[in-house]
Amino acid sequence: SPAGMVLSVLVILLLSVLYEAVKMGKAVLLRRALLALPRSLSQEALTEPQEGDSSPAQGSPSLMAFPISFPRWFWFHVGQTLFHVVQVVLGYMVMLAVMSYNAWIFLGAIAGSTLGYFV
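All values reported here derive from a predicted model rather than from experimental measurement. (Residues numbered from 1 in each chain as written. Predicted model: local features only at pLDDT ≥ 70, side-chain atom pairs only at ≥ 80, totals over all residues. Heavy atoms only, no water.)

## A closer look at the overall build of the protein chain
Here is step 1 of the chain: Per the secondary structure count, the protein chain includes four helices and zero strands.
Here is step 2 of the chain: Secondary structure elements in the protein chain, listed N-terminal to C-terminal, are α-α-α-α.
Here is step 3 of the chain: Taken over 119 residues, the protein chain has a buried fraction of 19%.
Here is step 4 of the chain: If you take every contact in the protein chain between residues at least 6 apart in sequence, the share linking residues at least 24 apart comes to 88%.
Here is step 5 of the chain: As displayed, the protein chain offers around 9000 Å² of accessible surface, 73% of which is attributable to carbon and sulfur atoms. (Helix = DSSP H or I, 4+ residues; strand = E, 2+ residues; numbered from the N terminus. Buried < 20%, exposed > 50% of the residue type's maximum accessible area, 1.4 Å probe, protein only. Contact = heavy atoms within 4.5 Å. Areas by Shrake-Rupley, 256 points an atom, 1.4 Å probe, with all protein chains shown as cover.)

Below, the structure written as structure tokens:
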């Protein structure tokens, strides 16, 4: 029926827009994850603290800095993984719809991808 076809095209259009939004969200999360990475420990490991700078109970500054930022980076990585799974699922769903070889569905996927990238 025509109403069913219009609904199908709109669903594919929205799936394509959502695919582009997830792709953009994944890129933003990657940027945040890169900013959350800890500094390289190589320079800090070469410089030893001077006598009297820190008490033995405080520990080495290079060893204390790493665990503080590691969990933040780890959770960004988990978020990226979830975004990737959603992106792959949406991509396969749109591909499966396009493989129906229906011109209107194909145009809906193209229009949704264009609209999602533009927004």
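More follows now that the structure is in view.
## A word on the packing of aromatic side chains
Here is step 1 of the chain: Scanning all chains against the criterion turns up one aromatic pair.
Here is step 2 of the chain: Each ring, one from F74 and one from W75, has its centre 5.4 Å from the other, and the planes form 70 degrees; the classification is edge-to-face. (Phe/Tyr/Trp six-rings, centres within 6.5 Å; stacked < 30°, edge-to-face > 60°.)

## Some thoughts on unusual backbone geometry
Trans peptide bonds make up most of the peptide bonds, and negative phi angles are found at most residues other than glycine.
Here is step 1 of the chain: Non-glycine residue Y101 carries a positive phi angle of around 60 degrees.
Here is step 2 of the chain: The topology assignment puts Y101 in the loop between helix 3 (61–98) and helix 4 (103–118).

## Examining helix 4
Here is step 1 of the chain: Along its 16 residues, helix 4 runs 22 Å from first to last C-alpha, staying within 8% of the 22 Å computed at 1.5 Å per residue.
Here is step 2 of the chain: I105, G108, A109, G112 and G116 are the residues of helix 4 that are buried. Looking down the long axis of helix 4, one finds its buried residues gathered within 100 degrees of arc, a one-sided arrangement. Facing away from the buried side of helix 4 by over 90 degrees, the exposed positions are A103, W104, Y117 and F118.
Here is step 3 of the chain: Between a side-chain oxygen at the N-terminus of helix 4 and the backbone nitrogen of W104 the separation is 2.9 Å; the capping residue is N102. (Expected span 1.5 Å × (residues − 1). Arc of directions from axis to C-beta. Polar contact = N/O pair within 3.5 Å; in protein donor to acceptor, adjacent residues only side chain to side chain.)

## Details of the UniProt feature "transmembrane region" (unreviewed entry) in the protein chain
Here is step 1 of the chain: Per the UniProt annotation, the sites labelled "transmembrane region" (unreviewed entry) are residues 6–22.
Here is step 2 of the chain: Along residues 6–22 one finds 100% helix and 0% strand; the C-alpha atoms at either end are 24 Å apart. (UniProt positions renumbered as here; feature names shortened; annotations may be inferred.)

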